[in-house]
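Next come the chains, spelled out residue by residue.
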Amino acid sequence: MRLVIALLIGSIGAVGMWAVVVVIPVVQAEFGATRGAVSLAFTLMMFGFGLGGVIAGKITDRFGIVLAMAISIAFLGIANVLAGLSTQLWQFVAAYFLIGLGTSATFAPLMAEASHWFERYRGLAVTIVASGNYVAGTVWPPIVSWGTQEIGWRYTHIGIGIVCASTMALLVLVLRAQMGNDAVHDHANAPPPRVDLKLSTNTLTVLLSIASISCCVAMAMPQVHIVAYCGDLGYGVARGAEMLSLMMGCGIISRIGSGYLADKIGGIYTLLVGSLAQGFALVFYLFFDSLASLYIISAMFGLFQGGIVPSYAIIVREAMPASEAATRVGIVIFASVFGMSFGGWVSGLIFDATGSYAAAFANGVAWNALNIGIVVLLLIRSRTNAVKAGPGFAT
C-alpha cells in the first residue's frame, strides 16, 4: 500500500518536468525569445529538482519522508501559480526553479524511502516508485497540451498548482497513517552493503555523479526537444506531445523491468545494459526523421533508457550504508538532473547555432559513450573485488 501511494505521489508531483516541455513553443512565441532562452526554464527547473533532492534527502534521513514531502508540496503549488501569473520570461524561468524544488521530494528521497521497505525485491520497489516520473510523462503532456490550446498556458499552470497541491497533500496524509511509527527510520539494524568496490563512499559518489551527468545529457535531447523538433519538421507540437507521452509510457515498462533485472544481476550490470541501449536508440535519430519513424524511435528510446536513473539509486543502496541512502541518492540524482538541464539547454543552443537538431543528437551520442566508459570501470572493479556474501546478497 505504501508503494502504491508513493507511485501516485510521484505521478502527480512530476507534472512540472513535462509541462515545460509542452509549452516551450507557445512561451517562446509569446515572449519573442530564442529557443535557448526559453529552454532555461527547463534548465533551472532541473537544477531546483536536483538541489531540492539533496536537501530533501537530508531532511528524510533525519526527520522522515513526510516532512520533506510537505515542504515540497508547498513549493509545487505556489510555484505553478506564479508561473501562470508571470509577465516576463525571467519570471517564468524563476517560477520553474521553484517548481523544481517542489518536485524534488517525489523522486530521489522517495526512492530511498522505498528501499527501506523491501529487502528481497528492493530493486523492483525502487524502480516502481521511480516510474511515477514516467507515469507523469505519459499522462500529463496530452493534458497540458489540451489545456494550453483551450484555456492558455497561464490558466493551465494555475490549475495544475491547485489540483496537484491538494491531491498530494491528501496522499501524504494517507502515507503517514500507513507508515505509523516508521515515519522516521532507525538504521542501526539495516543490512550492510551488498557490493564492495574498494572505493570510499565519496569517491564512488563522484564517479556515479559523473556517469549520471553523462547519460542524462544524452537523455535530455529527445525528452526536452522532441515537441519542438516535431514543430520544426512541420508535424505540429501536438504530434510531439504524443511522442513524448509514448516515450514516457514505454519508459514505465523499462523502469519496472530494470528493477526486476537489478534484483537478478545487480545495479551495475543493469546500468550498463540501459546505457548501451540508450546509445543505440540515439543513433537512429541521426538518420530518420519521418513521422512514422519518429514514433517508432521514440517508443524504442523510452523502452531502452527508462531504467538508467533508478539504477544509480540501486547501486547506492548496494554499495553504501543505509543511514546515508537518501542523501547519497539525492546527490547522484542532483548530478543526473544537472545533466538533464545542461543537455536540454545546450541542445537549444546547438539548434540556435546550426538551425537543426542533427548536431545536438550527435552531442548526445558522445556524452553517452562517456557514461558507458565509467560504468565499465565500475563493473571491472566489482568483479575484481567481489566479496562472498550471505543469503540474499549479491557479489
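Since the model is a prediction, treat every value here as computed from it, not as a measurement.

Procedures and definitions
Residues numbered from 1 in each chain as written. Predicted model: local features only at pLDDT ≥ 70, side-chain atom pairs only at ≥ 80, totals over all residues. Heavy atoms only, no water. 1 Å grid on protein atoms, 1.4 Å probe; cavity = no way out; pocket = protein on both sides within 12 Å on 5 of 7 lines; lining within 4 Å. Points joined across faces, edges and corners; volume = space filled by probe spheres on them. Helix = DSSP H or I, 4+ residues; strand = E, 2+ residues; numbered from the N terminus. Nonpolar A, V, L, I, M, F, W, Y, C, P; charged D, E, K, R; others polar. Domains from an automatic or database assignment. Core = buried A, V, L, I, M, F, W, Y, C linked by side-chain atoms within 4.5 Å. Buried < 20%, exposed > 50% of the residue type's maximum accessible area, 1.4 Å probe, protein only. Contact = heavy atoms within 4.5 Å. Salt bridge = Lys/Arg side-chain N within 4 Å of Asp/Glu carboxyl O. pLDDT = per-residue confidence, 0-100. Buried area = accessible area lost by both parts, 1.4 Å probe. Polar contact = N/O pair within 3.5 Å; in protein donor to acceptor, adjacent residues only side chain to side chain. Patch = residues over 30% accessible without salt bridge, like charges linked within 9 Å, V, L, I, M, F, W, Y side chains within 5 Å. Areas by Shrake-Rupley, 256 points an atom, 1.4 Å probe, with all protein chains shown as cover.

1. Examining empty space enclosed by the protein
Evaluation of the coordinates by the stated rule reveals three cavities of 30 Å³ or more. Here the largest cavity is characterised by a volume of approximately 130 Å³. M17, N133, R255, V309 and M340 are, among the 15 residues lining the largest cavity, the residues nearest its centre. Secondary-structure elements contributing two or more residues to the lining of the largest cavity are α2 (15–31), α3 (35–63), α7 (122–179), α8 (201–232) and α13 (325–354). Tallied by class, residues from the lining of the largest cavity come to eleven nonpolar, three polar and one charged. There are two domains that each give the lining of the largest cavity at least three residues, and those are domain 1 (1–185) and domain 2 (186–394).

2. Concerning the nonpolar core
Grouped together as the largest cluster of nonpolar side chains are 123 residues, with contacts concentrated most on I9, F92, Y96, M111, L208, Y285 and I333. The biggest single contributor to this core is α7, with 18 residues. Both domain 1 (1–185) and domain 2 (186–394) contribute no fewer than three residues apiece to this core. Those residues in contact with L208 that lie beyond four places of it in its chain are Y312, I315, V316, M320, V332 and L378.

3. Things to note about the pattern of salt bridges
Taken as a whole and judged by the stated rule, the model has two salt bridges. Here E30 ties to R154 by a salt bridge, and the two come within 2.7 Å at their closest N and O atoms. Of the two residues, E30 is situated in helix α2 and R154 in helix α7; the sequence distance between them amounts to 124 residues. Residues R239 and E242 are paired through a salt bridge, measuring 3.8 Å at the closest nitrogen-oxygen approach. Linking R239 with E242, this pair stays in helix α9 (residues 237–265), spanning three residues, or about one helical turn.

4. Quick look at the confidence of the model for the protein chain
On average, the protein chain scores 81 in pLDDT, and the residues at 70 or more come to 92%. When pLDDT is averaged over each element of the protein chain, helix α5 (residues 89–103) comes out on top at 88 and helix α6 (residues 108–115) at the bottom at 76.

5. Some details on the domain arrangement of the protein chain
Domain annotation of the protein chain identifies domain 1 (1–185) and domain 2 (186–394). Relative to domain 2, the C-alpha centre of domain 1 lies at a distance of 19 Å. Taken residue by residue, the interface counts 50 residues in domain 1 and 53 residues in domain 2. Regarding the contact of domain 1 and domain 2, the summed buried area is about 4300 Å², with carbon and sulfur atoms giving 68% of it. When the area that domain 1 buries against domain 2 is broken down by residue, the three leading residues are R35, D61 and Y134, summing to 17%. The tally of links between domain 1 and domain 2 comes to zero salt bridges. Seen at the junction of domain 1 and domain 2, the total is zero residue pairs in polar contact (both at pLDDT 80 or more).

6. Some remarks on the environment of G266
Here G266 shows up in the loop between α9 and α10 (267–287). As a C-alpha pair, G266 and I315 span 49 residues in sequence and 7.8 Å in three-dimensional space. Discounting residues that sit within four places of it in the chain, G266 has contacts with L261 and E318.

7. Details of a nonpolar patch on the surface
A cluster of nonpolar side chains, F63, L67, I71 and F75, forms an exposed patch at the surface whose accessible area comes to about 340 Å². No other element matches the three residues that helix α4 (residues 65–85) contributes to the nonpolar patch. Since its relative accessible area comes to 36%, F75 is described here as partly exposed.

8. Some words on the side chain of S72
Its place among the elements puts S72 in helix α4. Judged by relative accessible area, which is 4%, S72 ranks as buried. With residues near it in sequence (within four places) discarded, S72 still touches L101, G102, S104 and A105.

9. Brief notes about the environment of S86
Structurally, the position occupied by S86 is in the loop between α4 and α5. When the C-alpha positions of S86 and L291 are compared, they lie 34 Å apart, and in sequence the two are 205 residues distant. Among residues more than four places away in sequence, those in contact with S86 are F31, Q91, F92, W153 and R154. Polar side-chain contacts of S86 include one of 2.7 Å to the backbone oxygen of A83.

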